[in-house]
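The lines below spell out each chain.
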Amino acid sequence: MPTYRGLLRPAAVTLSAALLMLSACAKSEDSGSDTAAAPPSAAAQVAQSADPGAATCTLDQYGATKVDLKTAKVGFSQSEKEANPFRIAETQSIKDEAAKLGIANLTTTNANSQFNKQISDVEQMIDSGVQLLIIAPLNSDGWDSVFAKASAKKIPIVTIDRKINATACKDYLTFIGSDFAEQGKRAADEMAKAMGNKGKVAILLGAPGNNVTTLRTSGFKDEIQKVAPDIKIVFEQTGNFAREDGQKVTEQLLQSNPDINGIYGENDEMALGAITALKGAGKKAGDVKVVSIDGTKGAVQAIVDGWASAVIESNPRFGPLSFSTAEKFFGGAPVGQDIIIEDRQYDESNAKSDISSAY
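The model shown is predicted, which means the values in this text are computed figures rather than measured ones.

Draft legend 1. Spotlight on helix α7 (residues 211-227). Under the 1.5 Å per step criterion, the end-to-end length of α7 is 24 Å for 17 residues, consistent within 8% with the ideal 24 Å. Among all positions of α7, only N211, V212, T213, R216, T217, G219, F220, E223 and I224 are buried. In this structure, the buried side of α7 is in contact with α6 (180-195), β10 (199-205), β11 (231-238), β12 (262-265) and β13 (289-294). Where α7 begins, one side-chain oxygen reaches toward the backbone nitrogen of V212, 3.0 Å away; that side chain belongs to N210.

Okay, here's the thing in structure tokens:
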């Protein structure tokens, strides 16, 4: 599989076109200091051109009322604590774009990985009179009470980064995010290359109950079986998308499978926890090949330092695309029911030169 140095690799699904720019400032979890914003071209989310006949949704179809975003009451629900760089960058992107557009009435909440709290947060925002909801859902199921409340008031819901199992243009307006199965496939290709198409690999699974984990797992497994059948998956356990859990699971892994050759982390935080465990076990950089998904600065730096082989990006800068989609919708134009973004990737050929693109 070719390496896309400094470029974006297309996702498998192609939908609503837009090129949106954003300079974001994310706070490093390790240092606690502000890191320099990436150049706009590096930070931009890119949505692909829609296939002919791709499903869309309009204001009339949804039954919503036209509003001016500048004076509208907007709610954003974050799913997880903002210790994870992905969540830091995502929330900041929403806030920055709202400020840029002059949206004065933005309410943000954080569920801190508690699904019942996220449901309560969103229902309270609906009761308070929000006219647009942007939700980063913790789980893909269990949103019926929210949909009932929002539907009664015809409040459009834009879901980002994880998909809800419901009906677009009815229960929610649109989903904006990555092709997660494609991310898993790309990670498998990089793992196969790093391991020379043979050996034993472990999977650090993401949190259960959402389509990101399901699709990043199936994409990886299907592609490994296809391109490198001599690589055997010998261990799978959830690390809940958390660094601490990734470290603990990898410590258990090294006890039961000391001869492991590769670790696939379904996000960077788990992979960085795994690297800490590898170091603690006396492993040297490169002894165990590590491939992960997200594109955080810490993970890209791990490539530079020799501890990781590749990182597939999952771009968290949803602010511009979320609000431009809402503006189109309220303006009467059709918007895609699924808006899939392109994601770049990093390996030893571009990690050092392109680390400023990471978050």
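The discussion continues.
Draft legend 2. Here's a closer look at the sheet that holds strand β16 (residues 338-340). Read across the open sheet, the six strands follow the order β6-β5-β7-β8-β9-β16; overall the sheet is parallel. Because the sheet does not close on itself, it has two edges, and the strands there are β6 (105-110) and β16. Put simply, the sheet's adjacent strands are angled 15 degrees from each other on average, direction ignored. Where strand β9 (residues 174-177) and β16 come together, three bridges link them in parallel fashion. Bridge pairing in β16 places F175 opposite D338.

Draft legend 3. Looking closely at the state of the cysteines. The final tally for this structure, using the stated rule, is one disulfide. Disulfide pairing is shown between C57 and C169; the S-S distance is 2.0 Å. Between C57 and C169 the disulfide shows an S-S torsion of about 75 degrees. By sign, it is right-handed. Of the two residues, C57 is situated in strand β4 (residues 56-57) and C169 in the loop between β8 (157-160) and β9; the sequence distance between them amounts to 112 residues. Comparing C57 with C169 shows no difference in burial state: the two are buried.

Conventions we followed
- All chains use their own residue numbering, which begins from 1 and follows the written sequence.
- Thresholds applied to this predicted model are a pLDDT of at least 70 for local features of residues and 80 or more for the giving and counting of side-chain atom pairs; totals over whole chains, interfaces and linings are not thresholded and use all residues.
- With hydrogens and water excluded, all non-hydrogen atoms of the structure serve as input to the side-chain values.
- Per the convention used, a helix needs a DSSP run of H or I reaching at least four residues, while a strand needs a run of E reaching at least two, with both numbered from the N terminus.
- Helices are assigned an expected span. That span is 1.5 Å times one less than the residue count.
- For every residue, the accessible area (1.4 Å probe, protein chains only) is compared with the maximum for its type, and the residue is labelled buried under 20%, exposed over 50%, or partly exposed between those bounds.
- Contacts are assigned to residue pairs with any non-hydrogen atoms lying within 4.5 Å of each other.
- Polar contact is the term for a pair of N or O atoms within 3.5 Å; when the atoms are in protein, one must be able to donate a hydrogen and the other to accept it, and sequence-neighboring residues count only if both atoms are side-chain atoms.
- A pair of strands counts as paired when DSSP detects no fewer than two bridges linking them.
- Fitting a line to C-alpha atoms yields each axis, with helices limited to the stretch in contact; the angle taken between N-to-C directions then spans 0 to 180 degrees.
- A pair of cysteine sulfur atoms is labelled a disulfide when the two atoms are within 2.5 Å.

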